[in-house]
Amino acid sequence: MSMDIERHDDGHWHFKLGPIEKWVVAAAGTTLMGLAYLTYQGISDTQLRQGSDLQDIKTQQAVTNAQLSALSKQLSDVPVMRQTTAEIKVQVLRNTQDIRDLQHTNSTKK
């Protein structure tokens, strides 16, 4: 095992590695590259899941919007239904009174 460091006349340092050090450096470099790749894959997978989740949320939002629109339309008919119900009640009261009047008229004719 040897590692030599020399300084040349131009001011640059020169490193010489022995065969074992070269293998250690190569193994460390390979490990770092592998860790970088695994980190990238983890981030990519997370982004894909988030994209899928976002699409699900968009679909749910569209369904909710459609249901809210239907409810809004139904609720907009409520005042008309109340008015119609009130008119029907008045008509029923008139009809009931007319029937009583007719029954009273028929009973007085006999």
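Thresholds applied
Along each chain, residue indices are assigned from 1 in the same order as the chain's sequence is written. Per-residue local features of the predicted model are confined to residues with pLDDT of at least 70, and side-chain atom pairs are confined, for both listing and counting, to 80 or more; whole-chain, interface and lining totals are unaffected and use all residues. Each side-chain value is worked out from all heavy atoms of the structure, with water and hydrogens disregarded. Per the convention used, a helix needs a DSSP run of H or I reaching at least four residues, while a strand needs a run of E reaching at least two, with both numbered from the N terminus. Atoms counted for the radius of gyration: C-alpha only. Globule rule: 2.2 Å times the number of residues to the power 0.38. Using the Shrake-Rupley algorithm and a 1.4 Å probe, accessible areas are obtained, with residue cover drawn only from the displayed protein chains. Think of it this way: Lys and Arg go in the positive column, Asp and Glu in the negative one, and His and the chain ends go nowhere. Here the site of a charge means atom NZ of a Lys, CZ of an Arg, CG of an Asp or CD of a Glu. Patch membership requires more than 30% relative accessible area and the absence of a salt bridge. Residues of like charge join within 9 Å; the nonpolar side chains Val, Leu, Ile, Met, Phe, Trp and Tyr join within 5 Å. Each salt bridge in this description consists of a side-chain nitrogen of Lys or Arg and a carboxyl oxygen of Asp or Glu lying within 4 Å of one another. Confidence of the prediction at every residue is given by pLDDT, a number between 0 and 100. Exposure is judged per residue with a 1.4 Å probe applied to protein chains only, and the accessible area is read against the type maximum: over 50% gives exposed, under 20% gives buried, and values in between give partly exposed.

Student: An account of the overall build of the protein chain is requested, with residue identities and associated values reported.
Tutor: What the protein chain contains, in helices and strands, is 2 helices and 2 strands. The globule rule puts the C-alpha radius of gyration for 110 residues at 13 Å, and the 45 Å found for the protein chain is more than 25% above it. Of the accessible surface of the protein chain, which amounts to about 10100 Å², a share of 61% is contributed by carbon and sulfur atoms. Charge-centre separation for the protein chain: the mean point of 12 positive side chains lies 25 Å from the mean point of 12 negative side chains.

Student: Give me a nonpolar patch on the surface: which residues, what numbers.
Tutor: A cluster of nonpolar side chains, namely Leu32, Leu35, Tyr37 and Leu38, defines an oily patch on the protein surface of about 460 Å² accessible area. Relative to the elements of secondary structure, Leu35 occurs in helix α1 (residues 19-76).

Student: An account of the confidence of the model for the protein chain is requested, with residue identities and associated values reported.
Tutor: Regions with low pLDDT should not have their predicted coordinates read in detail. In the predicted model, the protein chain carries a mean pLDDT of 87, and the fraction of residues at 70 or more is 96%. Here strand β1 (residues 3-7) stands out as the element of the protein chain with the lowest mean pLDDT, 74, in contrast to helix α2 (residues 78-109), whose mean of 92 is the highest.

Student: Before we move on, can you summarise the environment of Asp56 with the specific residues and values?
Tutor: Within the secondary structure, Asp56 sits in helix α1. For Asp56, a relative accessible area of 43% translates into the label partly exposed. For the pair Asp56 and Ile99, spaced 43 residues apart in the sequence, the C-alpha separation amounts to 62 Å.

Student: So, the side chain of Glu21: which residues are in play, and what are the values?
Tutor: Tracing the backbone through its elements, the reader meets Glu21 in helix α1. Comment: no salt bridge for buried Glu21; closest opposite-charge side chain is Lys22, at 8.6 Å.

Student: Tell me about the environment of Thr84, and please be specific about residues and values.
Tutor: Its location among the elements puts Thr84 in helix α2. The spatial distance from the C-alpha of Thr84 to the C-alpha of Gln74 is 15 Å, given a sequence separation of 10 residues.

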